[in-house]
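One-letter residues, chain by chain:
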Amino acid sequence: SSLEINNEAVVSTQSTGDRCFDVVLVDTAGRMQDNEPLMRALSKLVAMNKPDLTLFVGEALVGNEAVDQLVKFNQALIDNSVTAEAGTKSIIDGILLTKFDCIDDKVGAAISMTYITGQPIVFVGTGQQYPDLRSLNVKSVVTALLR
């Protein structure tokens, strides 16, 4: 199960001896926001790991569809999760938009996502490798909007 795989990954990062990891990414492999069993499993992962950040990963190319996905995903996360200790509900802490290098001046959906959730775009993906995760260049987004 995804919980067992996650447990093994987290344990292995904690028992690496002299190696230290600043970041551990847990990819939930496309949790569809309309699939309640998958969202319950995601909520268990969040409750079990107590992550510093929970990011919504969406494709920048799908435009306003990504806004709809984000809203439903965040609501499903809220509906299916309560952390036992604090009794608080989990929500996303930020957004990671993939394929951001392919959207040219179509940045409106990205702005809508941050406006609707109040959460920042933490990273944008511009390729297939970890070094291709970049901070959002706000100046370039504003320039694209003003074209």
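As the structure is a prediction and not an experimental result, all values here were calculated from the model.

For the protein, the helix and strand inventory stands at 5 helices and 4 strands. Overall, the protein shows an N-to-C arrangement of helices and strands of α-α-β-α-β-α-β-β-α. Expressed as a percentage of the 147 residues in the protein, the buried residues total 30%. On the protein, roughly 9,600 Å² of surface is accessible, and the fraction owed to carbon and sulfur atoms is 54%.

Another point: the packing of helix α3 (residues 64-80) against helix α4 (residues 108-117). In the contact formed by α3 and α4, the axes pass within 8 Å of each other and the chain directions differ by 20°. In terms of their interaxial angle, α3 and α4 are classed as roughly parallel. Between α3 and α4 lies a crossing of right-handed hand. Across the interface between the two elements, N64, A66, V67, L70 and V71 of α3 pack against A109, S112, M113, I116 and T117 of α4.

Core analysis: the biggest nonpolar cluster contains 24 residues, and F56, I92, I95, L97, F100 and M113 have the highest contact counts within it. Among the elements of the structure, α2 (36-49), α3, β2 (94-98), α4, β3 (121-125) and α5 (138-146) are those that each provide at least two residues to this core. No other element matches the 6 residues that α3 contributes to this core.

As a further point, take the pairing of strand β1 (residues 55-59). Every second residue of β1 is oriented toward a common face, the buried set being F56 and G58 and the non-buried set L55, V57 and E59. With 5 bridges joining them, β1 and β2 adopt parallel strand pairing. In the strand pairing of β2, G58 is matched with L97.

Mapped onto the elements of the fold, N74 is located in helix α3. We classify N74 as buried; its relative accessible area is 14%. Beyond its immediate sequence surroundings of up to four residues, N74 is in contact with I91 and I92.

Turning next to the pattern of salt bridges. Overall, the coordinates contain 2 salt bridges when judged by the stated rule. With a shortest N-O distance of 3.2 Å, K99 and E59 are connected by a salt bridge. One end of the pair, K99, is in the loop between β2 and α4; the other, E59, is in strand β1, and 40 residues separate them in sequence. Here K72 ties to D68 by a salt bridge, and the two come within 3.5 Å at their closest N and O atoms.

Rules used throughout
- Residues numbered from 1 in each chain as written.
- Predicted model: local features only at pLDDT ≥ 70, side-chain atom pairs only at ≥ 80, totals over all residues.
- Heavy atoms only, no water.
- Helix = DSSP H or I, 4+ residues; strand = E, 2+ residues; numbered from the N terminus.
- Buried < 20%, exposed > 50% of the residue type's maximum accessible area, 1.4 Å probe, protein only.
- Areas by Shrake-Rupley, 256 points an atom, 1.4 Å probe, with all protein chains shown as cover.
- Axes fitted to C-alpha atoms, helices over the stretch in contact; angles between N-to-C directions.
- Parallel < 35°, antiparallel > 145°, perpendicular 65-115°, else oblique.
- Left-handed = near helix turned anticlockwise from the far one by under 90°.
- Contact = heavy atoms within 4.5 Å.
- Core = buried A, V, L, I, M, F, W, Y, C linked by side-chain atoms within 4.5 Å.
- Pairing = 2+ DSSP bridges.
- Salt bridge = Lys/Arg side-chain N within 4 Å of Asp/Glu carboxyl O.

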